[in-house]
Structure formats: structure tokens, C-alpha cells
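Now for the letters of each chain:
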Amino acid sequence: GQQVMQIPQYQHVQEGEDFTTYCNSSTTLSNIQWYKQRPGGHPVFLIQLVKSGEVKKQKRLTFQFGEAKKNSSLHITATQTTDVGTYFCAKAGTASKLTFGTGTRLQVTL
Amino acid sequence: DGGITQSPKYLFRKEGQNVTLSCEQNLNHDAMYWYRQDPGQGLRLIYYSQIVNDFQKGDIAEGYSVSREKKESFPLTVTSAQKNPTAFYLCASSMRSRADTQYFGPGTRLTVL
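Residues numbered from 1 in each chain as written. Chains lettered and ligands numbered in written order. Predicted model: local features only at pLDDT ≥ 70, side-chain atom pairs only at ≥ 80, totals over all residues. Heavy atoms only, no water.

## Quick notes on the layout of surface pockets
Of the voids in this model, the largest pocket is the one considered here, and its volume is about 990 Å³. Taken together, 48 residues form the lining of the largest pocket, with F88(A), Q37(B), G40(B), Q41(B) and G42(B) sitting closest to its centre. Partitioning the lining of the largest pocket into residue classes produces 17 nonpolar, 23 polar and 8 charged. Size it by volume and the second largest pocket reaches roughly 270 Å³. Around the second largest pocket, the lining is made up of 13 residues, and of these K36(A), R38(A), L46(A), L61(A) and D83(A) lie nearest the centre. Split into classes, the residues belonging to the lining of the second largest pocket amount to 4 nonpolar, 4 polar and 5 charged. (1 Å grid on protein atoms, 1.4 Å probe; cavity = no way out; pocket = protein on both sides within 12 Å on 5 of 7 lines; lining within 4 Å. Points joined across faces, edges and corners; volume = space filled by probe spheres on them. Nonpolar A, V, L, I, M, F, W, Y, C, P; charged D, E, K, R; others polar.)

Right under this line is the structure:
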């Protein structure tokens, strides 16, 4: 399927710094989902965005869906070591399928 | 994540042998999926099933086979035709009414020696 590109591939921050990952698609998306995978673990659903320009917050995490519904971002304010992992966006396809982005691996050090 | 089990967590096989990975869910979900994840990579869809006795190929189905005889079970067989089977295999499920949100099992790490 068509890939969803994420940037950056990897980011290393110090605890307390902010972090942002971006998800870009060449086609208009019906919705976008975000998942987090801890090292050695499995992806866990975080949130789904549906509306153009939508912004949703979960504590220190802020999710945005672009006005044109072709891109999305996840911003973490004041990172903590518990934020370590890989963050994936995923777009809906046909027949309940999801196409996952390439992922951004976040490393947080004290 | 609870409600989807995959066993075993780690699996070792010799080259040339078929191996079947189990996936069971008690979430009453209609749809089930198999993904492959390689180190530092994203998730690639192998097979998916929206309903019992029906399944479709994903993006990388070659060398794999599945069955869906029961709603709660979706086993994946990695055949000897799969050229590079060593990987982390993830099973997921979703409700058809909220078809896009997927819930993942803990995964099976397969190593072929």
C-alpha cells in the first residue's frame, strides 16, 4: 500500500525537552491514528483524528490533523523517560486495513 | 491490549521447517490481522480477515498462509517458502463498527536458524 512518511526517523532528547513527530501523506486522509510502541513491546492505540484541523490533547501529548487532511503531528511537551518508544501514525485504507507510517523512535535521557 | 494472546513469545526453528504462530482474541472482534516487523522498521501487513472463513492477502503475503475457522482464532503459518522469516510477528484485531482502531497482541519473535 501507499506509505505514510514520518519524520524524523529518530530523535534523542534530554528529559524535559519537547518532541514532535510529523506524518505526511500524498493523498487526502479520511482519518489518522497514532500508536505508541515501547521497546520490546507491541503498538498501543493512542488516538484517532477525523476532522480537518482537529487538535486533541492527552496530558502532555498534543495531536493535530492538518487542514488539508494530508498531514498530522504529535507533540510531546516536557518529555519524560516514560515517553521512550516508537510512535507510529496510521491511515485507514479499504476493508478495515491500516497502513502504518515508518515510525519515529524517541530516546529520552536524564 | 488485553484480550489478544499470542504464543509463544519466542520461537526458534530450523531453516526449511514450517511453523505456525497462534493468535487468539476474546474481544468478540470480527476483523483480525497479521503484521511483520523487522528491527527498526514499521509494520507490514501479511494477511487480514474481516469475517470467519474469509481472509485476504496483505502487502507481503508470499511465503505465509492463514486460516480463520473460528472468530476468535487466526493462526499464521510461516512456510519454508518465506525467504527471510526471522522477524517479530504481531497479531491485531478490530471491531467492524470501529473498524480502524486495532488492538495488538504481545507478539511472537521468530528466529529461524
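Still to come is the rest of the account.
## Re the pattern of salt bridges
Taken as a whole and assessed by the stated rule, the structure comprises 5 salt bridges over all chains. Put simply, K56(A) and E54(A) hold a salt bridge, and the shortest N to O gap is 3.7 Å. On the accessibility criterion, K56(A) (31% relative accessible area) is partly exposed. Here R44(B) ties to D38(B) by a salt bridge, and the two come within 2.8 Å at their closest N and O atoms. Given a relative accessible area of 38%, R44(B) falls into the partly exposed group. Residue classification places D38(B) among the buried positions, given a relative accessible area of 15%. Among the ionic contacts, a cluster of salt bridges with common partners joins R36(B), D38(B) and R44(B). (Salt bridge = Lys/Arg side-chain N within 4 Å of Asp/Glu carboxyl O. Buried < 20%, exposed > 50% of the residue type's maximum accessible area, 1.4 Å probe, protein only.)

## Let's talk about the packing of aromatic side chains
Evaluated as defined, the whole model comprises 11 aromatic pairs over all chains. Linked through ring pairs, Y35(A), F45(A), F88(A), F100(A), Y33(B), Y35(B) and F104(B) together constitute an aromatic cluster. Across the ring face of F74(B), the terminal group of R68(B) is positioned such that the distance to the ring centre comes to 5.9 Å. (Phe/Tyr/Trp six-rings, centres within 6.5 Å; stacked < 30°, edge-to-face > 60°. Lys NZ or Arg CZ within 6 Å of the ring centre and 35° of its normal.)

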